[in-house]
Amino acid sequence: MTTATLVPSLADAPPAEPRRPRVLFVASAFAAGASALVVVALLSVYLQIRGDLVSSGSALFPEGTVIPLTPGNMGLATLAMSVVTMAWVVHALRNDDRPHAYLALFLTLLFGVAFINTTVYLYQQLALGFDASGPAALLYIVTGAQLVMQIVAMLFVAVMGFQALGGELTGRDAEGMSAAALYWYVTFAVYVVVWYAIYITK
Amino acid sequence: MTVIEDAPAAAPASSAPSSTAPTRYGLADVLGTGDHKVVGRLWIATALLQLLLVLAAAIYTSAFRVDTAGLADPPEWYAQIASFRVLAGAFMVLLPLTIGLATLVVPLQVGAATIAFARGAAAAFWAYLLGSVLVISAYAIDGGPFGDDTEGVRLFIISFGLVVLAEVVALICIATTVVTLRAPGLRLARTPLFSWSMLVASGVWLLTLPVLLAMAVLSYLDVRYGGAGGLFGGGATSVYRRLAWTIDQPSLYAFAIPILGYVATVVPVFARTRHFQHRYARNAIGTFGALAVGAWAIPGFGADSAPWLYELPWIFVSFAILLPLLGLLGMWAQTIRTGRIRIASPLLYGIAAATILLIGVAAGAVQSIERIETIVDGPGTPLFGTSWTSGVAGFVLVALGTALIGGLVLWAPKILGRSVAEGPARALPILLLVGAVTMSLPDLISGLFGQGLADVPGPVADNVDLIDVLNGISLLGLGLLSLAALGAIGLVLQALRSSELPGDDPWEGHTLEWATSSPPPAGNFASLPEITSEAPLYDARHQEASA
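Residues numbered from 1 in each chain as written. Chains lettered and ligands numbered in written order. Predicted model: local features only at pLDDT ≥ 70, side-chain atom pairs only at ≥ 80, totals over all residues. Heavy atoms only, no water.

Peer 1: Hey, could you go over the overall build of chain B for me, with residue numbers and the actual values?
Peer 2: Scanning chain B from N- to C-terminus turns up 17 helices and zero strands. Its C-alpha radius of gyration of 23 Å places chain B within 12% of the 24 Å reference for a compact globule of 547 residues. Reported as C-alpha extents along the three principal axes, the dimensions of chain B are approximately 75 × 50 × 45 Å. A buried classification covers 61% of the 547 residues belonging to chain B. With the model as given, the accessible surface of chain B reaches about 19200 Å², and the carbon-plus-sulfur share is 66%. Distance from the positive charge centre (26 side chains) to the negative charge centre (34 side chains) of chain B: 14 Å. (Helix = DSSP H or I, 4+ residues; strand = E, 2+ residues; numbered from the N terminus. Rg over C-alpha atoms; globule rule 2.2 N^0.38 Å. Buried < 20%, exposed > 50% of the residue type's maximum accessible area, 1.4 Å probe, protein only. Areas by Shrake-Rupley, 256 points an atom, 1.4 Å probe, with all protein chains shown as cover. Lys, Arg positive; Asp, Glu negative; His and termini not counted. Charge placed at Lys NZ, Arg CZ, Asp CG, Glu CD.)

Laid out in structure tokens, this is it:
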């Protein structure tokens with residue numbers, strides 16, 4: 001069945017040392033890249049339509065609609081802080097500093113909830129119907145897709161947090177949390193692009 | 001899905017006969033399996049079943065085109081069936097077949113006990129199955145991209161999105177396997193070229209399919225909230241355009257990457273020597289993949305408002321992608337020249353696939369020259385957007401189909417636990433080559449004489465008689481290809497009924513999949529030594545011979 005029957009010289013050789021694969025980390029990198037591309041592709045279409053409307057002198061949204069800047073900025077600041085606490089989680093786990101890991105984990109998830117809150121608040125301030133216009137629908141879809149990424153990142157971190165609570169992620173074996181952190185960082189990077197393209201340049 | 005899964009234990013060492021009858025699986029085993037070999041077989045079997053539907057759609061649309069007078073006012077379901085031929089052919093048959101083959105072979109080639117995220121890979125298959133059944137259902141209720149039933153169109157978009165999402169998950173599993181689960185010593189530089197090509201292809205698809213998903217979301221919004229005009233100016237009629245860009249160059253060439261890996265696998269095996277300049281072959285496949293990333297070129301990103309920004313890279317890519325392909329062809333020729341050639345069916349599939357691909361890529365380069373215009377009364381138009389474009393897609397996709405059938409024949413001992421009959425298997429590549437040329441070359445010529453895209457109905461104003469004849473020849477070619485496809489399915493069925501055991505390594509392969517039994521046991525390998533080259537079995541065989 002194996003090399004023994006086929007190639008004796010292969011079978012006679014000593015087995016190699018097993019190595020520690022970073023399966024979850026690599027898969028998370030692929031998944032984060034793919035998720036980011038969905039948002040960036042939608043954002044590209046939004047910018048394209050916005051550019052066409054602006055150059056033709058047409059209005060992007062119904063009259064009186066203003067995209068508020070403050071909730072977007074608050075969202076950016078909140079996520080920026082969460083990036084620091086996320087790094088803190090990974091660092092603490094790698095050093096077997098479990099009390100700090102749990103504290104940082106709690107803060108990270110709290111910032112995540114706060115970010116969702118700011119986005120919902122922004123939608124309320126915007127007071128724009130989803131189907132008011134093409135750009136309006138796209139605005140919701142782009143920011144909503146980024147929000148979905150954020151929720152996925154929070155679930156990922158929460159699952160890894162439960163594993164950490166169970167004592168599975170410690171020392172050099174904290175790959176799961178590193179993978180969740182990578183997804184979180186990519187989510188933040190995507191938000192920076194969305195924030196600049198939608199809330200700043202308007 | 002994933003993080004709590006344990007890798008299966010290594011296969012137990014055994015003194016039992018090396019080839020055994022294929023394991024029989026009950027329904028519960030199949031439904032709950034995480035075995036990459038079973039999941040791979042499920043992908044392959046489902047894709048082959050759907051191939052029959054796609055062939056029927058292709059024959060219908062091609063037969064309709066034989067009399068181009070009917071294209072001026074075709075039945076409303078003509079466009080539906082034509083769109084099914086393209087979208088289902090690419091995303092419900094060819095890409096799933098590729099994924100199935102890779103799910104089965106890649107872990108074996110890299111010496112892994114399983115695929116990364118085995119249950120994720122299984123979930124991807126079931127999502128694909130559900131999605132593709134719903135796509136077919138949507139077409140059946142007059143959904144589909146050109147459908148009149150709005151709810152049917154929405155069902156089509158959602159289910160097509162589900163198919164694409166499933167493929168993204170499956171590709172992540174395959175790519176992660178190559179990156180992380182290689183046997184000790186099997187550095188990325190030593191990765192077998194089919195697995196390497198699947199890593200490259202997965203990367204390219206992961207840069208492409210998310211954009212396709214985003215376009216599906218836009219299409220859904222258009223149909224759901226936009227009414228007749230659509231939110232973004234198009235409504236249901238724009239759905240197909242938003243999805244079908246993946247079949248145009250350069251995204252089209254992403255389908256070609258596994259072809260390169262397959263040919264690079266069979267040529268050294270049947271030349272009985274190492275691959276000439278393995279390192280450069282790896283780089284050439286990577287370069288081909290980099291040039292096949294094509295989501296930047298889709299119409300929705302403003303190709304019209306800034307044409308210079310898109311046309312120049314598009315022309316560059318169309319020609320530049322010939323270079324790695326020609327380089328690989330040269331390396332394969334040199335490999336054959338320096339080795340001792342042995343003619344066998346997998347090699348014939350490789351030669352046929354490479355030839356068809358070369359014609360397709362060369363024709364793709366020609367259509368990027370805007371100065372070459374159609375020969376019609378009055379001012380001509382560029383070739384891109386005529387049936388020349390359909391011909392290019394035909395060549396590339398048939399090349400992939402040829403390589404995939406070759407893969408089924410080559411790896412049949414690992415897939416089925418049986419070999420396919422060599423005699424009939426040798427006839428199919430010739431049929432595929434002749435069929436590809438007979439089907440797609442007339443499309444190139446009729447495009448030159450002004451016929452529109454094969455998948456979008458429209459009147460033919462000039463050269464009608466000539467185009468009718470060419471479309472008739474194209475239909476004949478499609479008939480040959482259909483025969484070859486049915487023949488391939490017949491080969492598989494015949495092999496399954498055969499009682500002859502193939503042995504572990506019937507082809508004297510070079511890579512690790514041939515170091516385990518046929519079919520491989522759970523866990524794939526009892527143990528593997530440190531791998532020190534890209535062709536470990538070839539090296540071991542030669543060390544024995546010299547000793």
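Peer 1: Run through the overall build of chain A, naming residues and quoting values.
Peer 2: When helices and strands are counted, chain A shows seven helices and zero strands. Ordered by position from the N terminus, the helices and strands of chain A form the series α-α-α-α-α-α-α. The buried share of chain A, reckoned over its 202 residues, is 50%. In chain A, of all internal contacts separated by at least 6 residues, the share reaching a separation of at least 24 is 79%. Total accessible area on chain A stands at roughly 9000 Å², and carbon and sulfur atoms take up 68% of it. (Contact = heavy atoms within 4.5 Å.)

Peer 1: Kindly report on the pattern of salt bridges, identifying the contributing residues and their values.
Peer 2: Residues and elements named next belong to chain B. Inspection of the entire model under this criterion finds seven salt bridges over all chains. A salt bridge links R274 to D539; the shortest N-O distance between them is 2.4 Å. With R274 in the loop between α8 (257-271) and α9 (278-291) and D539 in helix α17 (residues 536-546), the pair connects residues that are 265 residues apart, well separated along the chain. By relative accessible area, which is 30% here, R274 ends up partly exposed. Of the charged contacts in the structure, one is a salt bridge between R426 and E422, with a shortest N-O distance of 2.9 Å. Residue R426 and its partner E422 are located together in helix α15 (residues 422-448), separated by four residues, close to a single helical turn. On the accessibility criterion, E422 (23% relative accessible area) is partly exposed. One network of salt bridges, in which partners are shared, links R274, E534 and D539. (Salt bridge = Lys/Arg side-chain N within 4 Å of Asp/Glu carboxyl O.)

Peer 1: Residues and numbers for the confidence of the model for chain A, please.
Peer 2: When pLDDT is averaged along chain A, the result is 87; 88% of the residues meet or exceed 70. Contacts for the low-pLDDT stretch residues 1-6 of chain A, under 50 throughout, to residues beyond four places or in other chains number 29 contacts. (pLDDT = per-residue confidence, 0-100.)

Peer 1: Help me get a handle on the nonpolar core, residues and values and all.
Peer 2: By size, the foremost hydrophobic cluster in this structure holds 240 residues, and its most contacted members are Y46 of chain A together with F91, F156 and F255 of chain B. Counting residues per element, this core draws most heavily on helix α6 (residues 193-225) of chain B, at 20 residues. Not counting residues within four places of it along the chain, the set of residues in contact with F156 of chain B comprises L87, V135, A138, Y139, G144, P145, V239 and L243 of chain B. Within the second largest apolar cluster, five residues are counted, among which are L71, A82, V460 and I467 of chain B. (Core = buried A, V, L, I, M, F, W, Y, C linked by side-chain atoms within 4.5 Å.)

Peer 1: Help me get a handle on a negative patch on the surface, residues and values and all.
Peer 2: All names here are of chain B. Negative charge collects at one region of the surface, where E76, D148, D149 and E151 lie side by side. Assignment of secondary structure puts D148 in the loop between α4 (118-140) and α5 (150-180). You can call D148 exposed: its relative accessible area is 52%. (Patch = residues over 30% accessible without salt bridge, like charges linked within 9 Å, V, L, I, M, F, W, Y side chains within 5 Å.)

Peer 1: How would you summarise the packing of aromatic side chains if you had to cite specific residues and measurements?
Peer 2: According to the stated counting rule, one finds 26 aromatic pairs over all chains in the structure shown. Aromatic side chains F270 of chain B and W507 of chain B sit 5.5 Å apart centroid to centroid with 70 degrees between the ring planes, which places their arrangement in the edge-to-face category. Placement of F270 of chain B in helix α8 and of W507 of chain B in the loop between α16 (464-497) and α17 is noted, with a sequence separation of 237 residues between them. Three or more aromatic residues joined by ring pairs make a cluster, and in this case those are F84, F91, Y139, F156, F160, W205 and F255 of chain B. A cation over an aromatic ring shows up here: R22 of chain A above the ring of F25 of chain A, its NZ or CZ 4.5 Å from the ring centre. Against the face of Y225 of chain B rests R224 of chain B, its NZ or CZ located 4.8 Å from the ring centre. (Phe/Tyr/Trp six-rings, centres within 6.5 Å; stacked < 30°, edge-to-face > 60°. Lys NZ or Arg CZ within 6 Å of the ring centre and 35° of its normal.)

Peer 1: Could you give me a rundown of the environment of I430 of chain B, with the residues and numbers involved?
Peer 2: Within the secondary structure layout, I430 of chain B lies in helix α15. Each C-alpha atom of the pair I430 of chain B and R272 of chain B lies 23 Å from the other, and the pair is 158 residues apart in sequence.

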